[in-house]
Amino acid sequence: MALKIYNTLTRKKEPFETLEPGKVRMYVCGPTVYNKAHVGHAMSALVFDIIRRYLEYRGYQVKHAMNYTDVDDKIILRASQLGMDPFALAETYIQEYRKNLEDLNVLPATINPRATQEIDQIIAIIQGLIEKGYAYPAPNGDVYFRVTRDEDYGRLSGRKLDEMQAGARIEVGEQKEHPMDFALWKAAKPGEPAWDSPWGKGRPGWHIECSAMNLHHLGEQIDIHGGGNDLIFPHHENEIAQSESYTGKPFARYWVHNGMLQFGGEKMSKSLGNLVTIEEFLARHDADVLRLMVLNSGYRAPLTFNDDVIEQTERALERLKSALRPALPGAAGISAEAVKALEEQARAARAGFEEAMDDDFNTAGALSHLFELVRAINSARTEGATDEQLRVGQDVLRELAGVLGLRLRMEEEKPQEAAPFIDLLIEVRTELRKQKLWALSDLIRDRLTALGVTLEDTREGTTWRYQK
Ligand SMILES: Nc1ncnc2c1ncn2[C@@H]1O[C@H](COP(=O)(O)OP(=O)(O)OP(=O)(O)O)[C@@H](O)[C@H]1O
Ligand SMILES: [Zn+2]
């Protein structure tokens, strides 16, 4: 069966055909870097990581671009609140996000273009759009895209210009011909970062950055354009308008959008402040937990994030991992037919996995086949299969879980149940130290060290960790 992908542009699942055989050009809108990233951003990154990994499993060579929007109103505002240079602020959060993605086992994109490194390209495109009548400079130094010149405007989001016009108004200070016209270039305000341009000092609008980065790094036409479904309008609608008006060619073949991660009944967002940062999440849970949540829910659906879901997912992860445990002590082995049967179950799991993933990346379906394989492996173990016999199933399970980006790390063997007792010993030791009973307090520390637990005394108190 061939891969099918749901295309937001046509609102249909379509057979996946690339512009160039065997190669995929995929662009995904990355974050505006003005603050720590939250698990909603992680969801988007995970979805496109899973898509990329599956395309690679299917034999495609994927050129994956994910951008950083490193100049923007929000960055400038936050930098001025913190009394920081906006470029330094953006750089800090780019480095943090990189680290977040690595911790989440997201493969690094082939390229990470940044808006501020594309200014020449952006100016060239705006000039081209002005020459063709698709854009116009305003007296104040802004440049706007002329939506009435673009007959297709609204195609992606399914909106009509006259309907949009009804709700729109021109803000004070804007010099637009039409309320839906949008800024390609913004004249600089005092104290803001600015670049020279034919229209005076200014900076690019958000939408044109992505058009320029696509054109520069992936070319006039791409296979997949991704991002969250909150970006369909206006961001992606405007990207299409700019790119296609400039090149005269269809821009992206498949528009792929992830659903929103919901927290407390609303989209998790920096602007609303209802967030859990990636860092906070990973301090308490394995990266596989978040990935498994995304896989379970399906990429286009909204994903409910709360303690119950996290707990259920933790349990599901444990179940997956249970299949990777070694044989029982003294296992006598199972019959050749039973090994064959396990092999057959592994083959069936792979076929089911592929069929589900080929159907618009139905990850929940794919997982259900992995869980069937888990059951088969675990019953083979109970029947006395040896490590070598179990491997027939385990290797396939590990490989397919890996295609989804799950690490299934087994070092969880560390007894979590020990934590309260270690805390208790530390409390006792602190008391002993207060009473200057150094020999006893050192004895506790040394014995814990011998058990693989390192203590660290700081001014704020004693902390502990398992030795690596
Ligand atoms: N809650 C969420 N769930 C899933 N994807 C999200 C969520 N919030 C943002 N994204 C996606 O993450 C990527 C980077 O987003 P961007 O920095 O533009 O975030 P944003 O929408 O401005 O965030 P916020 O709303 O938190 O300010 C985009 O593809 C966006 O659609
Ligand atoms: Zn974008």
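Since the model is a prediction, treat every value here as computed from it, not as a measurement. (Residues numbered from 1 in each chain as written. Chains lettered and ligands numbered in written order. Predicted model: local features only at pLDDT ≥ 70, side-chain atom pairs only at ≥ 80, totals over all residues. Heavy atoms only, no water.)

Draft legend 1. A look at the confidence of the model for the protein chain. Residue-level pLDDT values for the protein chain average 95, and 98% of them are 70 or greater. Reported confidences for the modelled complex are a pTM of 0.88 and an ipTM of 0.97. (pLDDT = per-residue confidence, 0-100.)

Draft legend 2. Representation of the sheet that holds strand S3 (residues 23-28) within the structure. Taken in spatial order, the four strands make up an open sheet running S4-S3-S9-S10, and their pairing is parallel. This sheet does not close on itself; its edge strands, each paired only once, are strand S4 (61-66) and strand S10 (252-258). Across the sheet, the mean angle separating the axes of adjacent strands is 20° when strand polarity is ignored. Of the pairings in the sheet, the one linking S3 to S4 comprises six bridges and is parallel in character. Its bridge partner being in S4, Met26 is matched across the sheet by His64. Sheet contacts for helix H6 (residues 206-217): S3, S4 and strand S9 (222-228); angle to S3, the most-contacted strand, approximately 155°. (Pairing = 2+ DSSP bridges. Helix = DSSP H or I, 4+ residues; strand = E, 2+ residues; numbered from the N terminus. Axes fitted to C-alpha atoms, helices over the stretch in contact; angles between N-to-C directions. Contact = heavy atoms within 4.5 Å.)

Draft legend 3. Structural view of the environment of Ala341. Structurally, the position occupied by Ala341 is in helix H11 (residues 336-358). Assessed through its relative accessible area of 37%, Ala341 is described here as partly exposed. A sequence separation of 211 residues divides Ala341 from Ile130, and the C-alpha atoms of the two residues are 67 Å apart. (Buried < 20%, exposed > 50% of the residue type's maximum accessible area, 1.4 Å probe, protein only.)

Draft legend 4. Focus on the nonpolar core. In terms of nonpolar packing, the biggest core is built from 88 residues, with Ile224, Leu290, Phe305, Leu320, Phe353 and Leu397 touching the most fellow members. Among the elements that line this core, the one with the most residues is helix H1 (residues 39-57), at 11 residues. When residues of this core are sorted by domain, at least three fall in each of domain 1 (4-284) and domain 2 (306-403). Look past the residues within four positions of Phe305 in its chain and what remains in contact with it is Val39, Leu261, Gln262, Phe263, Met268, Val276, Phe281, Leu290, Met293 and Ile310. (Core = buried A, V, L, I, M, F, W, Y, C linked by side-chain atoms within 4.5 Å. Domains from an automatic or database assignment.)

Draft legend 5. Spotlight on unusual backbone geometry. Looking along the chain, the bond that leaves Phe233 and enters Pro234 is cis, with omega of 0°. The residue Pro234 is located in helix H7 (residues 232-247) in this model. The backbone of Lys436 sits at a positive phi, close to 60°, despite the residue not being glycine. Within the secondary structure, Lys436 is located in the loop between helix H14 (419-434) and helix H15 (438-450). With relative accessibility at 60%, the residue Lys436 sits in the exposed group.

Draft legend 6. Looking closely at the pattern of salt bridges. Scanning the entire structure with this criterion turns up 33 salt bridges. Between Lys186 and Asp73 there is a salt bridge whose closest N-O contact spans 3.6 Å. Remark: Asp73 occurs in helix H2 (residues 73-82) and Lys186 occurs in strand S7 (residues 182-187); sequence separation between them is 113 residues. Given a relative accessible area of 27%, Lys186 falls into the partly exposed group. Residue class for Asp73 comes out partly exposed when judged on its relative accessible area of 41%. Across the pair Asp442 and Arg445 runs a salt bridge, and its minimum N-O distance is 3.9 Å. Taken together, the residues Asp442 and Arg445, both in helix H15 and three residues apart, mark about one turn of the helix. Exposure remark for Asp442: the relative accessible area of 30% places this residue in the partly exposed category. Take Arg445: its relative accessible area is 29%, and that puts it in the partly exposed class. One network of salt bridges, in which partners are shared, links Asp73, Lys186, Glu192 and Arg203. (Salt bridge = Lys/Arg side-chain N within 4 Å of Asp/Glu carboxyl O.)

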